[in-house]
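What follows is the residue order along each chain.
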There are 2 protein chains.
Amino acid sequence: MPQTPDWVKQLKPSGTQGHELLAKERAGSNIPVQKLEELLHTKEVIQRRNKITELLKSEPIFDKSQNYFMGRVDRFERALAREKKLRLLKKKHNWSYDEFRAATELVGEPGPYGLHDSMFKVTLAGQGTEEQQQKWLTKAENYEIIGCYAQTELGHGSNVRGLETTATWNEDDKTFTIHSPHLTASKWWIGSLGRTANHAVVMAQLIIKGKSYGPTPFVVQVRDMKTHEPLPNIHVGDIGPKFGYNTMDNGFLLFNNVKVPHISMLAKYQYVDPNTNKFGRRGSPALVYGTLTWVRSTIVMQAGSVLARGVTIATRYAAVRRQFQDRDAKAGEAETPVLNYTMVQIRLLPLIAATFALHFTGKSMMEMYQANQEKLKQPRNKNESQRGAGPEELDSASDSMADLHASSCALKSLSSTIAGEGLEVCRRACGGHGYSSFSGIGTWYADYLPTLTWEGDNYMLTQQVARYLLKSARSVLNGERPTNDTTKILSEFQSRREIGCAFDVIGSDKDLVDAFAWRVAFLTFEAHKHRDIEKKPWNDLLVDFYRLSKAHAQWMIVKNNLSALQAIANSNSVNNDTVDVLMKLFRLYALHTLEQEASEFYTSGACAKHQIMLARTNAVMKLLKEIRPHAVRLVDAWGFDDWVLDSSLGRADGKVYEDMFHRASELNPLNDITVDPYPQNDVLFKRIEKAKL
Amino acid sequence: MPQTPDWVKQLKPSGTQGHELLAKERAGSNIPVQKLEELLHTKEVIQRRNKITELLKSEPIFDKSQNYFMGRVDRFERALAREKKLRLLKKKHNWSYDEFRAATELVGEPGPYGLHDSMFKVTLAGQGTEEQQQKWLTKAENYEIIGCYAQTELGHGSNVRGLETTATWNEDDKTFTIHSPHLTASKWWIGSLGRTANHAVVMAQLIIKGKSYGPTPFVVQVRDMKTHEPLPNIHVGDIGPKFGYNTMDNGFLLFNNVKVPHISMLAKYQYVDPNTNKFGRRGSPALVYGTLTWVRSTIVMQAGSVLARGVTIATRYAAVRRQFQDRDAKAGEAETPVLNYTMVQIRLLPLIAATFALHFTGKSMMEMYQANQEKLKQPRNKNESQRGAGPEELDSASDSMADLHASSCALKSLSSTIAGEGLEVCRRACGGHGYSSFSGIGTWYADYLPTLTWEGDNYMLTQQVARYLLKSARSVLNGERPTNDTTKILSEFQSRREIGCAFDVIGSDKDLVDAFAWRVAFLTFEAHKHRDIEKKPWNDLLVDFYRLSKAHAQWMIVKNNLSALQAIANSNSVNNDTVDVLMKLFRLYALHTLEQEASEFYTSGACAKHQIMLARTNAVMKLLKEIRPHAVRLVDAWGFDDWVLDSSLGRADGKVYEDMFHRASELNPLNDITVDPYPQNDVLFKRIEKAKL
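Residues numbered from 1 in each chain as written. Chains lettered and ligands numbered in written order. Predicted model: local features only at pLDDT ≥ 70, side-chain atom pairs only at ≥ 80, totals over all residues. Heavy atoms only, no water.

The name an unreviewed UniProt entry assigns to chain A is Acyl-coenzyme A oxidase, from the organism Didymella pomorum. Its UniProt record gives chain A a comment under Cofactor (unreviewed entry), which states: "FAD". (UniProt positions renumbered as here; feature names shortened; annotations may be inferred.)

*Asks:* Can you lay out the overall build of chain A for me, pointing to particular residues and giving the numbers?
*Replies:* Counting its regular elements, chain A contains 23 helices and 11 strands. For a compact globule of 693 residues, the expected C-alpha radius of gyration is about 26 Å, and chain A comes in at 28 Å, within 12% of that figure. Structurally, chain A occupies a C-alpha span of about 95 × 80 × 55 Å along its principal axes. Summed over all atoms, the accessible surface of chain A reaches about 27000 Å², with 51% contributed by carbon and sulfur. A distance of 2 Å separates the average location of the 87 positive side-chain charges in chain A from that of its 79 negative side-chain charges. (Helix = DSSP H or I, 4+ residues; strand = E, 2+ residues; numbered from the N terminus. Rg over C-alpha atoms; globule rule 2.2 N^0.38 Å. Areas by Shrake-Rupley, 256 points an atom, 1.4 Å probe, with all protein chains shown as cover. Lys, Arg positive; Asp, Glu negative; His and termini not counted. Charge placed at Lys NZ, Arg CZ, Asp CG, Glu CD.)

*Asks:* Go over the relation of the copies chain B and chain A with me, naming the residues and quoting the values.
*Replies:* Between chain B and chain A, the superposition needs a rotation of 180° and an axial shift of 0.0 Å, giving an RMSD of 0.0 Å. Here the symmetry operator amounts to a two-fold rotation axis. Most of the interface of chain B is mirrored in chain A, where 100% of its interface residues are also at the interface. (Least-squares fit on C-alpha atoms with pLDDT ≥ 70 in both. Contact = heavy atoms within 4.5 Å.)

*Asks:* Outline the UniProt feature "active site" (unreviewed entry) in chain A, supporting the account with residue identities and numerical values.
*Replies:* Residue and element names in this part refer to chain A. Under the UniProt annotation, "active site" (unreviewed entry) lies at Glu 455. Take Glu 455: it is sitting in the loop between α12 (442-448) and α13 (461-477). When its relative accessible area of 35% is taken as the criterion, Glu 455 is described as partly exposed. Discounting residues that sit within four places of it in the chain, Glu 455 has contacts with Leu 292, Val 295, Arg 296, Ile 299, Lys 412 and Leu 461. (Buried < 20%, exposed > 50% of the residue type's maximum accessible area, 1.4 Å probe, protein only.)

*Asks:* Lay out the packing of helix α3 (residues 33-41) of chain A against helix α4 (residues 43-57) of chain A with the relevant residues and their values.
*Replies:* Residue and element names in this part refer to chain A. Following both chains from N to C, one finds α3 and α4 inclined at 100°, their axes separated by 7 Å at the closest point. The angle between α3 and α4 places the two elements in the roughly perpendicular class. Residues Glu 37, Glu 38 and His 41 of α3 pack against Lys 43, Val 45, Ile 46 and Arg 49 of α4. Residues belonging to the contact of α3 with α4 are distributed by class as follows: 2 nonpolar, 1 polar and 4 charged. (Axes fitted to C-alpha atoms, helices over the stretch in contact; angles between N-to-C directions. Parallel < 35°, antiparallel > 145°, perpendicular 65-115°, else oblique. Nonpolar A, V, L, I, M, F, W, Y, C, P; charged D, E, K, R; others polar.)

*Asks:* A description of the interface of chain B and chain A should follow, citing residues and the corresponding values.
*Replies:* Counting from both sides, the interface comprises 156 residues of chain B and, opposite them, 157 residues of chain A. Counting each side, the surface lost to burial between chain B and chain A is near 13800 Å², with a carbon and sulfur contribution of 62%. Applying the counting criterion to the chain B and chain A interface returns 6 salt bridges. A salt bridge links Glu595(A) to Arg547(B); the nearest nitrogen and oxygen atoms lie 3.1 Å apart. Taken together, chain B and chain A are joined by 58 residue pairs in polar contact (both at pLDDT 80 or more). In terms of residue class, the side of chain B that touches chain A is made up of 67 nonpolar, 46 polar and 43 charged. (Buried area = accessible area lost by both parts, 1.4 Å probe. Salt bridge = Lys/Arg side-chain N within 4 Å of Asp/Glu carboxyl O. Polar contact = N/O pair within 3.5 Å; in protein donor to acceptor, adjacent residues only side chain to side chain.)

*Asks:* Give me the nonpolar core: which residues, what numbers.
*Replies:* Core analysis: the largest hydrophobic core is formed by 341 residues, its most contacted members being Phe356(A), Leu56(B) and Phe356(B). In this structure, Phe356(B) is in contact with Leu36(B), Leu40(B), Leu582(B), Leu585(B), Leu634(B) and Trp638(B), ignoring residues within four places of it in sequence. (Core = buried A, V, L, I, M, F, W, Y, C linked by side-chain atoms within 4.5 Å.)

*Asks:* Talk me through the sheet that holds strand β4 (residues 187-190) of chain A; I want residue IDs and the actual numbers.
*Replies:* Residue and element names in this part refer to chain A. Within the open sheet, the 3 strands sit side by side as β4-β8-β7. Their pairing is antiparallel. Looking at the sheet topology across the chains shown, the edges are occupied by β4 and β7 (234-238). Averaged over neighbouring strand pairs, the angle between their axes works out to 15° when direction is ignored. Both β7 and strand β8 (residues 251-255) contribute to a ladder of 5 bridges, which runs antiparallel. (Pairing = 2+ DSSP bridges.)

*Asks:* Lay out the UniProt feature "domain: Acyl-coenzyme A oxidase N-terminal" (unreviewed entry) in chain A in plain terms, naming residues and giving numbers.
*Replies:* Within the UniProt annotation, "domain: Acyl-coenzyme A oxidase N-terminal" (unreviewed entry) is assigned to residues 33-146 of chain A. With 72% helix and 0% strand, the stretch residues 33-146 of chain A has end C-alpha atoms that lie 42 Å from each other.

*Asks:* Requested: an account of the pattern of salt bridges, with residues and values cited.
*Replies:* Taken as a whole, this structure holds 82 salt bridges over all chains when the rule is applied. Between Arg72(A) and Asp238(A) there is a salt bridge, and its shortest N-O distance comes to 3.0 Å. With a gap of 166 residues between them, Arg72(A) in helix α5 (residues 72-92) and Asp238(A) in strand β7 connect regions that are remote in the sequence. The same class applies to Arg72(A) and to Asp238(A), which are both buried. Where Arg519(B) meets Glu600(B), a salt bridge forms, and the shortest distance between an N and an O atom there is 2.9 Å. With Arg519(B) in helix α15 (residues 509-533) and Glu600(B) in helix α18 (residues 598-603), this residue pair connects regions lying 81 residues apart in the sequence. Judged on exposure class, the residue Arg519(B) and its partner Glu600(B) are both buried. Several salt bridges share partner residues, and in doing so they unite Asp646(A), Arg651(A), Asp653(A), Asp659(A) and Arg663(A) into one network.

*Asks:* Before we move on, can you summarise the pairing of strand β11 (residues 278-281) of chain B with the specific residues and values?
*Replies:* Residues and elements named next belong to chain B. Direction of pairing for strand β10 (residues 270-273) relative to β11: antiparallel, over a ladder of 4 bridges. Paired with Gln 270 across the strands is Arg 281, a residue of β11. Two successive antiparallel strands, β10 and β11, enclose a turn made up of 4 residues, where Asn 277 displays a positive phi of approximately 60°.

*Asks:* Tell me about the environment of Gly432(A), residues and numbers included.
*Replies:* Relative to the assigned elements, Gly432(A) resides in the loop between α11 (391-429) and α12. Taking the C-alpha atoms as reference points, Gly432(A) and Gly147(A), separated by 285 residues in sequence, lie 43 Å from one another. In contact with Gly432(A), not counting residues within four places along its chain, are Trp189(B) and Thr453(B).

*Asks:* Break down the sheet that holds strand β7 (residues 234-238) of chain B for me, with residues and values.
*Replies:* With antiparallel pairing, the 3 strands of this open sheet are ordered in space as β4-β8-β7 (chain B). Whereas interior strands pair on both sides, the edge strands pair on one side only; in this sheet they are β4 (187-190) and β7 of chain B. Within the sheet, the average angular offset between the axes of one strand and its neighbour, ignoring direction, is 15°. In terms of strand pairing, β4(B) meets strand β8 (residues 251-255) of chain B through 2 bridges, oriented antiparallel. Bridge pairing in β8(B) links Ile190(B) to Gly251(B). Packing against the sheet, helix α22 (residues 656-667) of chain A makes contact with β4, β7 and β8 of chain B, and its axis sits at approximately 100° to β8(B).

*Asks:* Tell me what's going on with the packing of aromatic side chains, and back it up with residues and numbers.
*Replies:* Per the counting criterion, the structure on display carries 46 aromatic pairs over all chains. In this structure an aromatic cluster arises from ring pairing among Trp189(A), Phe243(A), Tyr435(A), Tyr445(A), Trp189(B), Phe243(B), Tyr435(B) and Tyr445(B). Its guanidinium or amino end placed over the ring of Phe100(A), Lys90(A) lies 5.2 Å from that ring's centre, counting from NZ or CZ. For the cation-ring pair, Arg427(A) lies above Phe243(B), with the distance from its terminal atom to the ring centre recorded as 5.3 Å. (Phe/Tyr/Trp six-rings, centres within 6.5 Å; stacked < 30°, edge-to-face > 60°. Lys NZ or Arg CZ within 6 Å of the ring centre and 35° of its normal.)

*Asks:* Let's hear about the pairing of strand β5 (residues 199-208) of chain A: which residues, and what values?
*Replies:* Residue and element names in this part refer to chain A. Burial of β5 is extensive: 10 of the 10 residues sit out of reach of the surface. Inspection of the sheet shows strand β1 (residues 149-150) paired to β5 by 2 bridges, in the parallel sense. Looking at β5, one finds that Ala 150 is bridged to Val 202. Note: strand β2 (residues 166-170) against β5, 3 bridges, orientation parallel. By the bridge assignment for β5, Ala 167 is matched with Leu 206. With 9 bridges joining them, β5 and strand β6 (residues 211-221) adopt antiparallel strand pairing. Considered in β6, the bridge of His 199 is made with Gln 221. Hairpin geometry of β5 and β6 is characterised by an intervening segment of 2 residues between the two adjacent antiparallel strands and by a positive phi of about 50° at Lys 209.

What follows is the structure, encoded as structure tokens:
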């Protein structure tokens, strides 16, 4: 690497230094950062995180300095080595599950063991018999076999029923033949499969005597345990580079009539009787519905912190970066930190508000989920304790579960969209330097984007929400008693429909939330009219359904956010000033959303024209001013270590330019090559053409 | 590379093949693709493009098969070699400027000679004296010196006056000393500088006898002509990887009191007299204003074709990709091409409409610009021909130029945002496979994103538009006669303000455009009220200004689009059916925009509530249905060669899955490595740790 000359090393940024600017920002707000951080994460989690962060930083394999420079092959190899080191550290330090998960999150890159530790083991545990668990799960836990979960195919994503891979039962030798009849049957996108796994849970259409029994999981060995080469008649490999997630080896997998033994079919709930050659079911795979709800709730909460990383970077940099004087400023004044510009504030402050709103909403979803699981487990009363929950509680629990399920779909869709698109807003708010890899936002954004597609595509999911809301509307129109928040707001709307409403959206927090509810109810009954009365085709209503689901999610967010803040205010866990700022963030999020969706609020009658104009020109702008001084402390409260952010722009000490320069001048391998700049006489060109031949 | 086994090579996708599906799509529409393509590009341009495409395809250096796999260093070296080859081909085939530009566009990646061939040579030609042009321009044209344009600094982007690099005049030896006093003075983001250039036009603060004369261009040699190593006291290198644009070597540059001769300062319009040591000006750098307007107009037109690439890929793939049955379909029906889903249509078809709208708008901007330039050049009348244009024509020309300038700012901001964000919409509309590099959208999107920031940041620019509109509002309120379209719509609004309006936005195309104009006028006078009457601080109005600029650009687009289509209809250059579909695209673009900005249309009084609801639920949905059958032919008309798209999903023959598979299985270098999958026993890990030490 070329040396940085001494005369360059002595240079400093001009004017007020970054650390001084950030110190000034922090001095201008009285938010107790540590208290707020504890409110978000709890003391225990913070301590755990800090301890592990220090440990990881001390291990050379986790050094990040070449991350932004490495090509795909090096990135992948390094990621695999890090994954291995994490498992060794786990053993060495006897980490709990939570500690291990914290470490994985801190490393912050998708890792090649990802699907082994999640879906592979979860499926074995959830769908394997005891015998099967003994055969595979123990080994998987000791990393003696490495697995993945092979469901998606080249030609089939969301529609599991359309999978083409077959598993045909052979009566004669009591085996299954796994086969890929077409190119589109190739398993595709399978995480950890490309280079790493030697086993796979393969979802295949089970066929017995020519009859199909639908997608069924099989455990199949795909690579040799010693040489790690593919087994005969198996074609497996990595699917190639992606927009992000390149530290993961998403793979493809094809079978040419591969025979596997009877034990390969995961048989906890379904089986083939080798004697009768008949298919059978036993037990019922309960709570799968619930598990997805749980996964989606974690995505909601995670969306808050995912976005917070980008917002932390952009906010700190906006406090350090100065550009132009304010147009109304006096001559000779210094350039203004761009965070003072309202056009920057309107982009960043509602996103700060969103980080908190998503965090509180996700948390409350997870609490509701757990409360419900408890309800399902509880005995009805002493006399009937041996029978488990009685029918009434079960009904109410499953009713809330359905409501929770729909909410989790709507919220997963909206929150991951907010986080993904919000990160790009953050990147652009950093101006030109946002485009540099050293901003730390680009890679993070690119790695996060799949979340908008997996665990239910953000567009597809909204149909499930609409289906639930239509069902709820029918029940309300049938005069059934409201049983949850959704049917409650629909009934209330229905009873006041002719009277109309008059919400004081700017003066009252409760009214603000109620206006969101009114809009949801209005859109639900509109959708009901189109579908049930006008009998419009389902396909013609997909766009309406998408809007409806979004409205429902927005209502959930403002509702949960407000009740979380009310609980915080009552608990005295942070001081009044902090509660006050958090309430302002709530209002900013709600009013900014209202203003963005103004036409729906207006057409539903939830708001009048002058309220929308007031929200836009007065309320939102006033909130920006009031929140502005607290911006840096608010993002500080998320508690990201510089090592985690890996961003020149987002450094906690504001040494933005020093760090940009250091990376460019001292770490950048492109500066190791010297080119011949003249076209006339090209060695390079000949070398490349030669290499081709 | 591991071999693809023969049994895999024999596999085909299941069901109806991709080429059959696309053939069916094409058979379902009567749009004459070739005629429409000629309308967009002209026959001459198409022929030129096709000829050069074939030539480039035949040269091995332009082979793209490893583009998505290569790391930064390889990508850059390859890009430089391609740039060189292009110059050699230019010479060999005696290409015209247009042919050379077409070739560069077809290669489609940012190249390391980019700034040499544009800003370096343009600045020499525009601001150099004849002597200076002889010294540098001739050599630059022969690639004997390679240059770049070094303006932006680490701490200074848009605000040129804030640049820190100094050029101090030395009276004693008649030289300038170029110096970087701080780290933030480092030149940064300078295209072609990182590894390639040996000369730079450096913008530095000219200082004579301690007095500053503002940013001034100097030609400075930075690297040795033979060794290509940096010259003494110059620190220069590449700034590191970016979100995209990684085939370009954006560079940094610092000077430690480097002396350059008197001739280095580009002196066509300003100079330092070496005898008197005084600064002087001569002539005036006219039309710089005009040049930026021209550059921005090209960005508008280019935005259409940039977006068209993504839309072509997503539309073709949506016709090939099938997922689920329609919910109302009968059992046993095949899965539906996703292009049939309205939720896919609402994302893609308005973007198809946008490609045409942006193309026609950009084209008309460029025509207006040229007409204006002509007007400026024309003599007023025969008697005064020697004096050039008379004051009245000049006034009118400069008045339209100011209008054109503001329009180009507003349109540059909006159109590049539409294209950038639209590409991401296209990528997501491709579902999971959109995330693969082989979709061909990700890299294209990432490479395009800087356009949203350069040539005027898309947020900053809107202030210029607002300033112009405020000025226009004042002139109208002062009773001045309308002189251009902007003042015309402001006067009309003013005269009808109390009466109100009643536009038939759904039934009449003219009314639809007028509704857009009404909203612009309403927002302009609102802004005028806030600024001039209520005396609100400029900073408090930036968000309003942004909205205003966007509204203005949207009006320009629908207006230009409609008049372009009327001209096309009159010219009989395409048949009536085609005009009919183009008119539908116009309406879709306009009504979809109206519906997205509904609250402004409503609050301004340009639309009533029921019109917005009708636009949303009836008009837009109906247009989607009507345009749907023509989607594939409409994107075909953009005429992208498969080699240009470099996309598995966007192939003209629909062989999506075959191509995805080919690239993953046969071109992917990650499949060359075999890993040790077990953490217990890690060779790789030790190797990496060793390499670190």
